[in-house]
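Structural features, examined
The lines below spell out each chain.
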Amino acid sequence: MKALKNMRELQLMKQKLEYQERLYEKEIAGSTTDIIDNLTDKLRDLVFQFGSHLILQLIYGKRK
């Protein structure tokens, strides 16, 4: 990192870092949303398969 020459450069560096921080927060929020959506989709599929399996066992179990 280069040395700052005056207060204006310091203020500009601070603004740049704050802007980068906001960008990273948005990226993290987007990634977190994607992860949660993926997880809920997988859980919904798992529960559906498990429920279907149980229902089929009840139906075919009574026939035997």
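These lines cover the structure that appears in this document, whether it is placed above or below. Predicted model, so just to flag it, every value in this text is computed and none were measured.

About the criteria used
Residues numbered from 1 in each chain as written. Predicted model: local features only at pLDDT ≥ 70, side-chain atom pairs only at ≥ 80, totals over all residues. Heavy atoms only, no water. Helix = DSSP H or I, 4+ residues; strand = E, 2+ residues; numbered from the N terminus. Rg over C-alpha atoms; globule rule 2.2 N^0.38 Å. Areas by Shrake-Rupley, 256 points an atom, 1.4 Å probe, with all protein chains shown as cover. Lys, Arg positive; Asp, Glu negative; His and termini not counted. Charge placed at Lys NZ, Arg CZ, Asp CG, Glu CD. Salt bridge = Lys/Arg side-chain N within 4 Å of Asp/Glu carboxyl O. Buried < 20%, exposed > 50% of the residue type's maximum accessible area, 1.4 Å probe, protein only. Patch = residues over 30% accessible without salt bridge, like charges linked within 9 Å, V, L, I, M, F, W, Y side chains within 5 Å.

1. A short note on the overall build of the protein chain
- Helices and strands together make up the secondary structure of the protein chain, namely 1 helix and 0 strands.
- Against the 2.2 N^0.38 benchmark of 11 Å for 64 residues, the protein chain shows a C-alpha radius of gyration of 27 Å, more extended than a compact globule.
- Along the first, second and third principal axes, the C-alpha set of the protein chain runs to 85 × 15 × 5 Å.
- When the accessible area of the protein chain is evaluated, it comes to approximately 6,500 Å², of which 62% is carbon and sulfur surface.
- Placing the 12 positive and 9 negative side-chain charges of the protein chain at their respective mean positions leaves the two points 4 Å apart.

2. Considerations on the pattern of salt bridges
- Overall, the coordinates contain 1 salt bridge when judged by the stated rule.
- Where Asp41 meets Arg44, a salt bridge forms, and the shortest distance between an N and an O atom there is 2.5 Å. Taken together, the residues Asp41 and Arg44, both in helix H1 (residues 7–63) and 3 residues apart, mark about one turn of the helix.
- Judged by its relative accessible area of 52%, Arg44 falls in the exposed class.

3. Considerations on a nonpolar patch on the surface
- Where nonpolar side chains cluster on the molecular surface, the patch consists of Ile55, Leu56, Ile59 and Tyr60 and spans about 390 Å² of accessible area.
- Positionally, Tyr60 belongs in helix H1.

4. Considerations on the environment of Phe50
- Following the sequence through the fold, Phe50 ends up in helix H1.
- On the basis of relative accessible area, Phe50 is assigned to the exposed category, the value being 52%.
- In this structure the C-alpha to C-alpha distance between Phe50 and Ile36, which are 14 residues apart in sequence, comes to 21 Å.

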